Amino acid sequence: MNEQKRYLDHQLSGVTWTQQDTQAVRCAVIKEKQSIKRKPAAALTLAAALILMSTLALAVSLSWGVMDFADRSSFLRDRLPDAPLQRQISQSGGQGREAIVTVTDAVYDGKNVYITLHVTPRAEGTLMMDAVLSLDMPASNLDAAFPRDMSIAQWAEANGFHDFLGVDLSPSVEKRFRSCGMAWHTSEDGSLSALLTFEGVTDTRQLDICFYCATWGYLPEKESFSDDARSDGFTLECSLITPE
């Protein structure tokens, strides 16, 4: 187990991860965790809307976009498609029980997709992490700017985080899951910006993408994000426009 962790930590030291096709798990989470929707009173609806607007406004100020990731990585910068940055992206969904996922921006040339998502925890003091990480890994696995001589758990305690949520974001196009590359940036408020890249999509006027989003609580005894009692699944849909 320790040897596997050392290998995984080595692979993650560049804060880049290639996802495997785990759509069966994502679909199972989404199907099994459908919550009962109740119609709130008008006052509660308005209050919820105002809270959501405030949360999204804060997320916009803290989130990273494609160009922020490109500024940090010459490897990414050299491979960006020659296409305009799309900011006003049509999107719906992304409302989980414990986290909110929104599309920040994207670069799409008709074949290759570079898109950033921002994941915001609903509760204060919660740190969002990629679900493959463990708290005993170096903090630099959360973000390249964080210290490598301090564990994630130590960094979290020093910065006021007492809860942890693992997140997975799996893109689907035309009902087919796409294997993708992923890089992430952790903000001071515990939210997570993720850059997902994939290629080989059909060149159409409009590209519709469905992200299967899943979150899990952390189990210290298993040193992993495997708390089924706190698992949640939901979808985020968006559309990109092919540049003329």
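### Describing unusual backbone geometry
Although it is not a glycine, E174 sits at a positive phi angle of roughly 55°. By the element assignment, E174 lies in the loop between β7 (163-173) and β8 (176-177). Despite not being glycine, E223 has its phi angle at roughly 50°, a positive value. Mapping E223 onto the fold places it in the loop between β11 (206-219) and β12 (224-241).

### So, the packing of aromatic side chains
Using the criterion set out here, one finds 6 aromatic pairs in the structure. Relative to F161, the ring of W155 lies with its centre 5.8 Å away and its plane at 15°, an arrangement referred to as stacked. The same class applies to W155 as to F161, namely buried. Every member of this aromatic cluster is reached through a ring pair, and the members are F146, W155 and F161. One cation-aromatic arrangement involves R79 over F75; the distance from NZ or CZ to the ring centre is 3.7 Å.

### Thoughts on the confidence of the model for the protein chain
Of the residues in the protein chain, 74% reach a pLDDT of 70 or more, and the chain-wide mean stands at 81. Per-residue pLDDT stays below 50 along residues 1-61; that stretch engages in 73 contacts with residues further than four places along the chain or on separate chains.

### Details of the environment of A131
Along the chain, A131 falls in the loop between β6 (126-130) and α6 (152-158). It is 6.0 Å that separates the C-alpha atoms of A131 and F225, two residues lying 94 residues apart in sequence. Excluding its chain neighbours within four sequence positions, the residues that come into contact with A131 are G166, V167, W216 and F225.

Calculation notes
Residues numbered from 1 in each chain as written. Predicted model: local features only at pLDDT ≥ 70, side-chain atom pairs only at ≥ 80, totals over all residues. Heavy atoms only, no water. Helix = DSSP H or I, 4+ residues; strand = E, 2+ residues; numbered from the N terminus. Phe/Tyr/Trp six-rings, centres within 6.5 Å; stacked < 30°, edge-to-face > 60°. Buried < 20%, exposed > 50% of the residue type's maximum accessible area, 1.4 Å probe, protein only. Lys NZ or Arg CZ within 6 Å of the ring centre and 35° of its normal. pLDDT = per-residue confidence, 0-100. Contact = heavy atoms within 4.5 Å.

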